[in-house]
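# Descriptive analysis of the structure
Residue-level listing of the chains:
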Amino acid sequence: MRVIVCGAGQVGYGIAERLSAESNDVSVIDTSAHLIEVVRDTLDVRGFVGHGSQPDVLAAAGANEADMIIAVTLSDEVNMVACQVAHSVFNVPTKIARIRAQSYLKAEYQDLFLRENLPIDVIISPEIEVGEVVLRRIALQGATDIMRFADEKVIGLAIECLEECPVINTPLRQLTDLFPDLAATVVGVVRNDSLFIPHSSDELQAGDLAYVIATREQVRRTLALFGHEKPEANRIIIAGGGNIGLYVAQAIEQRGWNTRVKLIESDHDRALAIADQLRRTMVLHGSALDPNLLQEAEVQDADLLVTLTNQDQVNILASIMAKRLGCKSNMALINTVAYQDFTHMVGIDAFINPKAVTISKILQHVRRGRIREVYSVYKDMAEIIEAEALETSSLVGVALRDLDLPDGLRFGAIYRDGKVISPNGDLRIKPKDRVVIFATSEAVKHVEQMFRVSLEFF
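Residues numbered from 1 in each chain as written. Predicted model: local features only at pLDDT ≥ 70, side-chain atom pairs only at ≥ 80, totals over all residues. Heavy atoms only, no water.

On to the overall build of the protein chain, then. The number of helices and strands found in the protein chain is 14 helices and 22 strands. Against the 2.2 N^0.38 benchmark of 23 Å for 458 residues, the protein chain shows a C-alpha radius of gyration of 23 Å, consistent with a compact globule. If you line up the protein chain on its principal axes, its C-alpha atoms span 60 × 60 × 40 Å. In the protein chain, which comprises 458 residues, the share counted as buried stands at 53%. A separation of at least 24 residues holds for 64% of the contacts in the protein chain among residues at least 6 apart in sequence. As displayed, the protein chain offers around 20700 Å² of accessible surface, 47% of which is attributable to carbon and sulfur atoms. Side-chain charges in the protein chain split into 46 positive and 62 negative, and the spacing between the mean points of these groups amounts to 4 Å. (Helix = DSSP H or I, 4+ residues; strand = E, 2+ residues; numbered from the N terminus. Rg over C-alpha atoms; globule rule 2.2 N^0.38 Å. Buried < 20%, exposed > 50% of the residue type's maximum accessible area, 1.4 Å probe, protein only. Contact = heavy atoms within 4.5 Å. Areas by Shrake-Rupley, 256 points an atom, 1.4 Å probe, with all protein chains shown as cover. Lys, Arg positive; Asp, Glu negative; His and termini not counted. Charge placed at Lys NZ, Arg CZ, Asp CG, Glu CD.)

In structure tokens, the structure reads:
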């Protein structure tokens with residue numbers, strides 16, 4: 001596949017890295033000569049210095065033969081124009097744009113992106129995507145990551161195995177014997193910074209990060225079995241009133257959660273503006289690093305502090321300070337990868353990586369075949385994929401134990417006719433089944449091939 005990526009920032013670089021590693025033909029465009037030099041030196045891609053919205057730059061990057069353009073520059077307007085030019089001049093089939101300004105995304109302007117107006121096939125709003133991740137984490141505390149599949153009937157969880165975790169040092173096959181009605185499958189394990197697919201004889205160890213696929217009804221029980229049974233957060237403090245913080249506060253109000261929310265914003269004018277947009281949320285003006293302000297927000301009685309400012313250092317330090325002042329739990333937005341590796345050492349319970357969230361959403365539309373959902377997990381070492389099986393799929397009609405699959409795949413769940421089925425060796429996939437699979441980065445191409453539409457289908 002030939003792909004043009006406009007923008008060589010964190011997201012653009014990450015997308016180019018993933019796609020080039022999978023032997024795609026990738027070109028990257030950015031106005032920064034330094035960023036393009038880094039891309040050329042570290043990735044097997046072509047780099048072009050210039051504006052991704054300009055026809056001559058797109059032509060040099062191979063737009064005439066491109067299958068897809070992914071516009072993720074820092075400018076919404078450049079991203080939109082790049083897609084328009086790619087469509088009108090080069091007839092690029094698939095156009096994806098990152099758009100941050102929420103005014104473009106209002107319901108009354110939804111016709112703006114129709115093919116006859118601004119022909120963008122997929123719009124990615126990082127603020128909304130990250131905001132939804134925050135809301136999922138709030139609803140299910142205890143998991144370090146949460147993913148939803150099959151109309152939210154199947155949930156993927158990343159769970160840290162602590163010393164007191166009841167299921168450690170027990171072969172995984174015994175978990176099925178001990179809890180026969182537990183609809184949950186351990187599909188991946190991270191140990192000592194290495195990821196592997198566990199076998200039934202393997203045991204979880206303290207310090208492991210386990211990826212588990214469970215039915216929605218069994219999620220809380222699964223967390224409890226892993227020693228992470230936490231009450232709902234009824235008192236929440238949000239630090240940062242930007243687009244993400246405002247989105248989260250508004251969503252909590254609109255969804256009728258029984259939650260008291262206080263929001264801290266350092267910019268006076270912004271604090272006044274968001275206070276006018278919120279009904280039940282108390283907005284406090286000041287710094288989240290001010291212990292007096294945190295105490296005024298009653299941090300000592302709070303169940304959770306969520307730090308969503310645009311500064312990693314503020315998010316980390318405020319989270320640590322809140323814990324010291326008595327807050328039960330914390331969650332931080334952290335962009336810098338180097339900071340993410342020591343979060344637990346400094347007392348941060350959970351962190352959110354905006355880059356990984358955005359890349360996962362884009363990959364959902366990049367992957368070939370009948371792919372419905374894609375989540376990139378643990379430093380891009382693997383993906384959890386939901387795909388629909390077609391009549392021509394090599395999976396259909398064959399018992400799972402008889403399938404010739406690479407070592408890097410593990411079935412997590414099958415969604416059929418509104419019901420979730422746990423995988424076993426005798427199970428046979430049927431057409432239209434939605435299959436949730438954990439795949440290492442090396443095995444992703446195999447998943448795409450299994451769910452690709454064959455010419456025989458037509």
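Moving on, we come to the nonpolar core. Core analysis: the biggest nonpolar cluster contains 45 residues, and Ile15, Val28, Ile70, Ile362, Ile437, Val447 and Phe451 have the highest contact counts within it. Grouped together as the second largest cluster of nonpolar side chains are 26 residues, Val130, Leu135, Ile138 and Met331 included. (Core = buried A, V, L, I, M, F, W, Y, C linked by side-chain atoms within 4.5 Å.)

This paragraph deals with the environment of Ile429. Tracing the backbone through its elements, the reader meets Ile429 in the loop between strand 21 (419-421) and strand 22 (434-440). Considering only alpha carbons, one finds Ile429 and Ser393, 36 residues apart in sequence, at a separation of 9.4 Å. Aside from chain neighbours lying at most four places away, what touches Ile429 is Ala389, Leu395, Val396, Gly397, Val398, Leu400, Ile414, Arg416 and Val435.

A separate point is the UniProt feature "domain: RCK C-terminal" (unreviewed entry) in the protein chain. According to UniProt, the "domain: RCK C-terminal" (unreviewed entry) feature falls on residues 144-228 and 372-453. Annotated as residues 144-228, this span is 16% helix and 35% strand, and its ends, taken at the C-alpha atoms, are 10 Å apart. (UniProt positions renumbered as here; feature names shortened; annotations may be inferred.)

Turning next to the sheet that holds strand 10 (residues 194-196). Across a sheet, paired strands are connected by hydrogen bonds in the backbone, their directions being either parallel or antiparallel. Within the open sheet, the 5 strands sit side by side as 7-8-11-9-10. Their pairing is antiparallel. Edge strands, defined here as strands with exactly one partner in the open sheet, are strand 7 (145-149) and strand 10. Recorded for the sheet is a direction-independent mean angle of 20° between the axes of neighbouring strands. Relative to strand 11 (residues 209-215), strand 9 (residues 184-191) runs antiparallel, the two sharing 6 bridges. Paired with Val186 across the strands is Val212, a residue of strand 11. (Pairing = 2+ DSSP bridges. Axes fitted to C-alpha atoms, helices over the stretch in contact; angles between N-to-C directions.)

Before going further, it helps to spend a moment on helix 13 (residues 354-366). The end-to-end C-alpha separation of helix 13 is 19 Å, in line with the 18 Å expected for 13 residues at 1.5 Å each. Of the positions making up helix 13, those classed as buried are Pro354, Lys355, Val357, Thr358, Ile359, Ser360, Ile362, Leu363, Gln364 and Val366. Sitting at the amino-terminal end of helix 13 is Asn353, which places a side-chain oxygen 3.1 Å from the backbone nitrogen of Lys355. (Expected span 1.5 Å × (residues − 1). Polar contact = N/O pair within 3.5 Å; in protein donor to acceptor, adjacent residues only side chain to side chain.)

In total, this model carries 22 salt bridges according to the counting rule given. Its salt-bridge partner being Arg416, residue Asp433 comes within 2.7 Å of it at the nearest N-O pair. Here Asp433, found in the loop between strand 21 and strand 22, pairs with Arg416, found in strand 20 (residues 409-416); they are 17 residues apart in sequence, far enough to count as distant. We classify Asp433 as buried; its relative accessible area is 2%. Of the charged contacts in the structure, one is a salt bridge between Lys445 and Glu448, with a shortest N-O distance of 3.6 Å. Here Glu448 and Lys445 lie together in helix 14 (residues 444-450), a separation of 3 residues that amounts to about one turn. The network of salt bridges with common partners includes Arg2, Asp25 and Glu65. (Salt bridge = Lys/Arg side-chain N within 4 Å of Asp/Glu carboxyl O.)

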